[in-house]
Amino acid sequence: MAVNLSAIKDLLLPGLRGIEGKYEQIPSQYDKIFTKHDSKLALERTAEMRFLGLAQLKTEGGQTAFDNGAGERFVYNQEHTEIGLGYAITRKAIDDNLYKTQFQPSNLGLTEAFHQTKEIYGANVLNTATTYNSSIGGDGVALCSVSHPIDGGTVANKPAVEVSLNEATLLNAMIGVRTNFKDQAGLKVFARARKLIIPPALEPTAIRLTKTELRPGTADNDVNAIMMTAGGLSEGYMVDDYLTSAFAWFLLTNIDGLSYMERIAFETDMQVDFVTDNLLVKGYERYSFGYYNWRSIFGSFPTS
């Protein structure tokens, strides 16, 4: 049913001091976590390759070792979703509204609705990071797992036992990213933690860990090692208001791998229905959030 006179009955008479209901929106957060890519296809696929492993000792006059194991290992998929929303408002509700400058029939918060929807879809990649999604494919385990397969072994980008955020666990994670992340051939990669992602409840903890010059939570005169170890957190921390756990925390690394692909940018359209004279307004966009490299993130998912 279209928005009609009964839905805006107090806007039909003079005497209102003003109209409330629209609020300042939370600034965009997804674009500080995901790398944006433009897309030309309905389904985008990214292949992870295995290149050469370590060089081998060679004896005098002996044969040179050959590594013929290079090739494709895993394929990650991103299929775009259609996002839409619209509304109808009657001709009378438009004509008789006395407060058009404050309540515009052509804008009932459509942009804000799409904005927050996108944030929720983006955060969902982190919220579900321990659940394997077969439509994404990839290496057969969840985004954050203790058993990402590489040739000859596995690599973890989460702790074996979930740990709460504190000085020791953050330092261990930063060191683990540097020392444990490897490519498909088992060679160390240049991986460094760059940003801490937290829910609102952990912001006081993050401030104490990243904003103090001396060691947090002690009376010692030690330097705060978090800001120096493995290059420190060059981008500090950020709060994601759309994380569903009050205790989960993440480290983004310098390796790209979290992806926002835009197939069709946000667009709006409107028209007057010839039969009813209702004004029809709608919005549309098409995109996907996903990942193609688990080395882009480290996550811990404690329950308290």
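The following refers to the structure shown. Predicted, not measured: the structure shown is a model, and the values here were computed from it.

### A word on the overall build of the protein chain
Here's step 1: Per the secondary structure count, the protein chain includes four helices and twelve strands.
Here's step 2: Rg of the C-alpha trace for the protein chain: 26 Å, well past the compact-globule value of 19 Å for 304 residues, more than 25% over.
Here's step 3: Its C-alpha atoms put the protein chain at 95 × 55 × 25 Å along the principal axes.
Here's step 4: By the burial criterion, 42% of the 304 residues in the protein chain qualify as buried.
Here's step 5: For the protein chain, long-range pairs separated by at least 24 residues make up 78% of all intrachain contacts whose partners lie at least 6 apart in sequence.
Here's step 6: Accessible surface, the protein chain as shown: approximately 16800 Å² in total, 54% of it carbon and sulfur.
Here's step 7: For the protein chain, the separation between the mean place of its 28 positive charges and that of its 35 negative charges on side chains is 2 Å.

### Let's talk about the packing of aromatic side chains
Here's step 1: The final tally for this structure, using the stated rule, is twelve aromatic pairs.
Here's step 2: Summarising the aromatic geometry, the rings of Phe 250 and Phe 301 are spaced 5.3 Å apart at their centres and angled 80 degrees between planes, so their arrangement reads as edge-to-face. With Phe 250 in strand 9 (residues 249-253) and Phe 301 in the segment after strand 12 (297-300), this pair connects stretches of sequence that are 51 residues apart.
Here's step 3: Note on Phe 250: relative accessible area 1%, which makes it buried.
Here's step 4: On the accessibility criterion, Phe 301 (17% relative accessible area) is buried.
Here's step 5: Considering the side-chain rings of Tyr 287 and Phe 289, the 5.8 Å spacing of their centres and the 80 degrees angle between planes classify their relative orientation as edge-to-face. One exposure class covers both Tyr 287 and Phe 289, and it is buried.
Here's step 6: Counting every residue linked through ring pairs, the aromatic cluster contains Tyr 30, Phe 34, Tyr 121, Tyr 260, Tyr 287 and Phe 289.

### Some words on the pattern of salt bridges
Here's step 1: Under the counting rule described, the total for this entry stands at 13 salt bridges.
Here's step 2: Of the charged contacts, one joins Arg 295 and Glu 48 as a salt bridge, the two residues approaching to 2.8 Å between their closest N and O atoms. Here Arg 295, found in the loop between strand 11 (279-291) and strand 12, pairs with Glu 48, found in strand 2 (residues 43-50); they are 247 residues apart in sequence, far enough to count as distant. Here Arg 295 matches Glu 48 in class, with each residue buried.

### Comments concerning the sheet that holds strand 9
Here's step 1: The strand order across the open sheet formed by four strands is 8-7-9-12, and the pairing between neighbours is mixed. Every other strand in the sheet has two partners, leaving strand 8 (237-239) and strand 12 as the edge strands with one partner each. Along the sheet, successive strands turn relative to each other by an average axial angle of 20 degrees, direction set aside.
Here's step 2: Pairing geometry for strand 7 (residues 193-198) and strand 8, over three bridges, is parallel. Within strand 8, the position partnered with Ile 197 by the bridge is Met 238.
Here's step 3: Contacts from helix 3 (residues 167-180) reach strand 7, strand 9 and strand 12, with the element oriented near 30 degrees to strand 9.
Here's step 4: Helix 4 (residues 203-210) rests against strand 7 and strand 8 of the sheet, and its axis sits at about 170 degrees to strand 8.

### Regarding the environment of Leu 214
Here's step 1: Position of Leu 214 relative to the elements: it lies in the loop between helix 4 and strand 8.
Here's step 2: Leu 214 gets classed as partly exposed once you look at its relative accessible area, which sits at 40%.
Here's step 3: Taking C-alpha positions, Leu 214 is 46 Å from Arg 45, a pair spaced 169 residues apart along the chain.

### A closer look at the nonpolar core
Here's step 1: Membership of the largest hydrophobic core comes to 61 residues, with the highest contact counts inside it found for Leu 143, Leu 170, Leu 196, Ile 198, Trp 249, Phe 250 and Leu 251.
Here's step 2: Ignoring sequence-local partners within four residues, the contact set of Leu 170 consists of Leu 165, Leu 196, Leu 209, Ile 226, Leu 233, Trp 249 and Leu 251.

### A short note on the pairing of strand 10 (residues 258-272)
Here's step 1: Strand direction decides the pairing type here: strand 1 (residues 35-38) and strand 10, joined by four bridges, are parallel. When the bridges of strand 10 are listed, Thr 35 appears paired with Ser 259.
Here's step 2: Where strand 10 and strand 11 come together, twelve bridges link them in antiparallel fashion. Of the residues in strand 11, the one forming a bridge with Val 272 is Leu 279.
Here's step 3: Following strand 10, the chain reverses through six residues before pairing antiparallel with strand 11; Asp 277 in that reversal takes a positive phi of roughly 70 degrees.

Procedures and definitions
Residues numbered from 1 in each chain as written. Predicted model: local features only at pLDDT ≥ 70, side-chain atom pairs only at ≥ 80, totals over all residues. Heavy atoms only, no water. Helix = DSSP H or I, 4+ residues; strand = E, 2+ residues; numbered from the N terminus. Rg over C-alpha atoms; globule rule 2.2 N^0.38 Å. Buried < 20%, exposed > 50% of the residue type's maximum accessible area, 1.4 Å probe, protein only. Contact = heavy atoms within 4.5 Å. Areas by Shrake-Rupley, 256 points an atom, 1.4 Å probe, with all protein chains shown as cover. Lys, Arg positive; Asp, Glu negative; His and termini not counted. Charge placed at Lys NZ, Arg CZ, Asp CG, Glu CD. Phe/Tyr/Trp six-rings, centres within 6.5 Å; stacked < 30°, edge-to-face > 60°. Salt bridge = Lys/Arg side-chain N within 4 Å of Asp/Glu carboxyl O. Pairing = 2+ DSSP bridges. Axes fitted to C-alpha atoms, helices over the stretch in contact; angles between N-to-C directions. Core = buried A, V, L, I, M, F, W, Y, C linked by side-chain atoms within 4.5 Å.

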